Amino acid sequence: MDRIPILKMGPFLLVTIQVDLYDRLALNLENDLISMVSKTGARGVLIDISAVSIVDSFMGRILGNIASMSRIMDAETVVVGMQPAVAITLVELGLTLQGVYTALDVEKGMELLRDKIGVMNDPEEDEEEPDDSND
Amino acid sequence: MILKKTRRSLMIVMTKDTMQIVREQDVVPFRNRVRELSTKIGMSLVNQTKLITAASELVRNMLKYANGGKVMLETVSKNAQSGIRLIFMDQGPGITNVQQAMQDGFSTGKSLGLGLPGAKRLVNEFDINSIPGEGTTVTIIHWKHGR
């Protein structure tokens, strides 16, 4: 069965959707993400949709679901990289993705997530080299 | 019950093609076919996205409520403007109250109820014709320049 890979990066989960999603794939992603949040105790989920050319109401609902479910599990969700044409279409369709944080790109999305959960896990007082990779 | 948003003038059908939609997996190839056709007539990316999103909503309805159906894909031309016409035909249970089904937020399934009204907002012309017990036909047209 097809699945979209989920990467763990520190306290975050990272998903890059590179293919056109059909419904089953989107539902699998929703399930997998929520179980990953639970299993890893992730504090944030970043979903990159820069390669996605079509977001219809079903896909929009999945994104909303992921955000609400993650929030209940104490994780924030940021959707990044939405194509302008997709944004225009979504709003006309009537989907405003309420409750889903968005950012322009992965970098800004990560920043937003860090802000949201107030990362204080590593002492960032100075640019000390990250000697131990202890998360 | 018929809801109309059409202009009257001579329309010429330039190409014609049919696709059967019976499984979820048919949706992606179908969307790709619509993209191909709209690219061919030089439709802008935003208009393509609107058309394909609307088509995606309608094809999902077909799968969900009627176990699939078929779509006719046409390149049409009217008043020297080209466009894409898609006709979604199913033999499902039909819609008893089309007016209600066209309202935002109404759904007999568990969806957001944006499919039909949303699709209508996204395309230039939208026509729905449903006979309870016989099936539903939805026709949409999106013009190259989106108007």
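For the structure given in this document, a descriptive report is provided here. Please read all numbers here as calculations on a predicted model, not as lab measurements. (Residues numbered from 1 in each chain as written. Chains lettered and ligands numbered in written order. Predicted model: local features only at pLDDT ≥ 70, side-chain atom pairs only at ≥ 80, totals over all residues.)

1. Describing the overall build of chain A
In step 1: A count of helices and strands for chain A gives four helices and five strands.
In step 2: The secondary structure elements of chain A, listed N-terminal to C-terminal, are β-β-α-β-α-β-α-β-α.
In step 3: The buried share among the 135 residues of chain A stands at 33%.
In step 4: Partitioning the contacts of chain A with sequence separation of at least 6, the portion at a separation of at least 24 is 78%. (Helix = DSSP H or I, 4+ residues; strand = E, 2+ residues; numbered from the N terminus. Buried ≥ 20, exposed ≤ 12 C-beta atoms within 10 Å, placed from the backbone. Contact = placed C-beta atoms within 7 Å.)

2. Observations concerning the overall build of chain B
In step 1: Looking only at helices and strands, chain B has four helices and six strands in total.
In step 2: Its helices and strands in sequence order give chain B the pattern β-β-α-α-β-β-α-α-β-β, from N to C terminus.
In step 3: Relative to the compact-globule value of 15 Å for 147 residues, chain B shows a C-alpha radius of gyration of 14 Å, a close match.
In step 4: Considering only C-alpha atoms, chain B reaches an extent of 40 × 35 × 25 Å along its principal axes.
In step 5: Counting all 147 residues of chain B, 39% fall into the buried class. (Rg over C-alpha atoms; globule rule 2.2 N^0.38 Å.)

3. Quick word on the pairing of strand β3 (residues 69-78) of chain B
The side chains of a regular strand alternate, first on one face of the sheet and then on the other.
Residue and element names in this part refer to chain B.
In step 1: Alignment of strand β2 (residues 11-21) against β3, held across 10 bridges, turns out to be antiparallel. Pairing of Gln20 across the sheet is with Lys70, part of β3.
In step 2: With 10 bridges connecting them, β3 and strand β4 (residues 81-90) associate as antiparallel partners. In the strand pairing of β4, Glu74 is matched with Arg85.
In step 3: Taking the residues that link successive antiparallel strands as the turn, the β3-β4 hairpin has two residues, and the phi of Asn79 there is positive, at about 50°. (Pairing = 2+ DSSP bridges.)

4. Here we look at the nonpolar core
In step 1: Core analysis: the largest hydrophobic core is formed by 64 residues, its most contacted members being Val45(A), Val34(B) and Val59(B).
In step 2: Not counting residues up to four positions away in its chain, the partners in contact with Val34(B) are Leu51(B), Ile52(B), Ala55(B), Leu73(B), Ile84(B) and Leu86(B). (Core = buried A, V, L, I, M, F, W, Y, C linked by C-beta atoms within 7 Å.)

5. Topic: the interface of chain A and chain B
In step 1: Every contact between the two is made by 18 residues of chain A and, on the other side, 22 residues of chain B.
In step 2: Secondary-structure elements contributing two or more residues to the side of chain A that touches chain B are α1 (23-40), α2 (57-72) and α3 (84-93) of chain A.
In step 3: Ranked by the residues each element gives to the side of chain A that touches chain B, the list is headed by α3(A), at six residues.
In step 4: Split into classes, the residues belonging to the side of chain A that touches chain B amount to eight nonpolar, four polar and six charged. (Nonpolar A, V, L, I, M, F, W, Y, C, P; charged D, E, K, R; others polar.)

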